[in-house]
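# Structure at a glance
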Amino acid sequence: QVQVVESGGRLVQAGDSLTLSCAASGRPFSSAAMGWFRQAPEKEREFVSSLQYLGYSTEYADSVKGRFTISRDNAKDTVYLRMNSLRPEDTAVYYCAAAERLTATPRLPSAYEYWGQGTQVTVSS
């Protein structure tokens, strides 16, 4: 069984920075891509960022481009989401997801087989 665990969410003030972490573990498993999604109250889950390991290809939602950075520590097999200049509208539960295969649609939840439980990020104004 594959487990995806994200961490790092907390309450911060507008303008602050925060880094979320995500690691996938379990049965012999090799992820090809990791994605971050978020869901605010009464809103649908939305794409935030993705990283496909082959070619280190990254993508960002327009709303976070220039403020968020996704990266990977190969030694720790952990993916990070560095979030700068946080805004109240960034408040949401952030989910990490892992894909076993490269995908042409990394912005879609359906591209990922395994999901974490989510970590709450709250940005106060």
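Attention here is on the structure that accompanies the text. (Residues numbered from 1 in each chain as written. Predicted model: local features only at pLDDT ≥ 70, side-chain atom pairs only at ≥ 80, totals over all residues. Heavy atoms only, no water.)

### Brief notes about the overall build of the chain
Which entries qualify depends on this criterion: Helix and strand definitions follow DSSP, with helices as H or I runs of at least four residues and strands as E runs of at least two, each counted in order from the N terminus. Each radius of gyration is computed over the set of C-alpha atoms, and the globule rule expresses the reference value as 2.2 Å times the number of residues to the power 0.38. The contact rule is simple, with two residues in contact once any of their heavy atoms fall within 4.5 Å. Surface accessibility follows the Shrake-Rupley procedure with a 1.4 Å probe radius. Residue values consider only the protein chains on display as shielding. Positive charges come from Lys and Arg alone, negative charges from Asp and Glu alone, with His and the N- and C-terminal ends not counted. To locate a charge, take NZ of a lysine, CZ of an arginine, CG of an aspartate or CD of a glutamate.
Looking only at helices and strands, the chain features zero helices and 11 strands. Against the compact-globule benchmark of 14 Å for 125 residues, the chain has a radius of gyration of 14 Å, which places it among compact chains. If one aligns the C-alpha atoms of the chain with their principal axes, the spans along those axes are about 45 × 30 × 25 Å. Residue pairs at least 24 apart in sequence account for 57% of intrachain contacts in the chain once pairs closer than 6 positions are excluded. Entry remark: accessible area of the chain is about 6600 Å², with carbon and sulfur atoms responsible for 47%. Looking at charge distribution, the chain has the averaged site of its 13 positive side-chain charges lying 3 Å from that of its 13 negative ones.

### Things to note about the pattern of salt bridges
Two side chains of opposite charge can pair, provided their charged atoms sit close to one another. To be explicit about the condition: Every case where a carboxyl oxygen of Asp or Glu lies within 4 Å of a side-chain nitrogen of Lys or Arg is listed as a salt bridge. Each residue gets one of three labels from its accessible area relative to the maximum for its type: buried under 20%, exposed over 50%, partly exposed in between, using a 1.4 Å probe on protein chains only.
Counting across every chain of the model gives seven salt bridges. Of the charged contacts, one joins Arg107 and Glu59 as a salt bridge, the two residues approaching to 2.6 Å between their closest N and O atoms. Taken together, the positions of Arg107 in the loop between strand E9 (92-99) and strand E10 (114-115) and Glu59 in strand E6 (residues 57-60) put the pair 48 residues apart, joining distant regions of the chain. Using a relative accessible area of 37% as the deciding quantity, one classes Arg107 as partly exposed. A salt bridge links Arg67 to Asp90; its shortest N-O distance comes to 2.8 Å. Of this pair, Arg67 sits in the loop between E6 and strand E7 (68-73) while Asp90 is found in the loop between strand E8 (78-83) and E9, placing the two residues 23 residues apart along the sequence. Neither Arg67 nor Asp90 differs from the other in exposure class; each is buried. The network of salt bridges with shared partners includes Arg38, Glu46, Arg67 and Asp90.

### Regarding the sheet that holds strand E3 (residues 18-26)
Rule in force here: Paired strands, in this sense, are two strands between which DSSP finds at least two bridges. For helices, the fitted axis covers only the stretch in contact; all axes are lines through C-alpha atoms, and the angles between them, taken along N-to-C directions, range from 0 to 180 degrees.
Judged by pairing direction, the sheet is antiparallel, and its four strands sit side by side in the order E1-E3-E8-E7 without closing on themselves. Here the strands that pair on one side only, and so sit at the sheet edges, are strand E1 (2-7) and E7. Recorded for the sheet is a direction-independent mean angle of 15° between the axes of neighbouring strands. Note that E1 and E3 share six bridges and pair antiparallel. Residue Val2 lies in a different strand from E3, and its bridge partner there is Gly26.

### So, the pairing of E6
Taken residue by residue, a regular strand's side chains alternate between the two faces of the sheet. With four bridges connecting them, strand E5 (residues 46-52) and E6 associate as antiparallel partners. Within E6, the position partnered with Ser50 by the bridge is Glu59. Linking E5 to E6, which pair antiparallel, is a turn of four residues; within it Gly55 sits at a positive phi near 80°.

### Some details on the nonpolar core
Note the threshold: By convention a nonpolar core is built from buried Ala, Val, Leu, Ile, Met, Phe, Trp, Tyr and Cys residues, the set being connected through side-chain atoms within 4.5 Å.
In this structure, Leu20, Met34, Trp36, Phe68, Leu81, Met83 and Tyr94 are the most contacted members of the largest nonpolar core, which totals 36 residues. Of all the secondary structure elements, the ones that give two or more residues to this core are E1, E3, strand E4 (33-39), E5, E7, E8, E9 and strand E11 (119-124). With six residues, E9 is the single largest residue contributor to this core.

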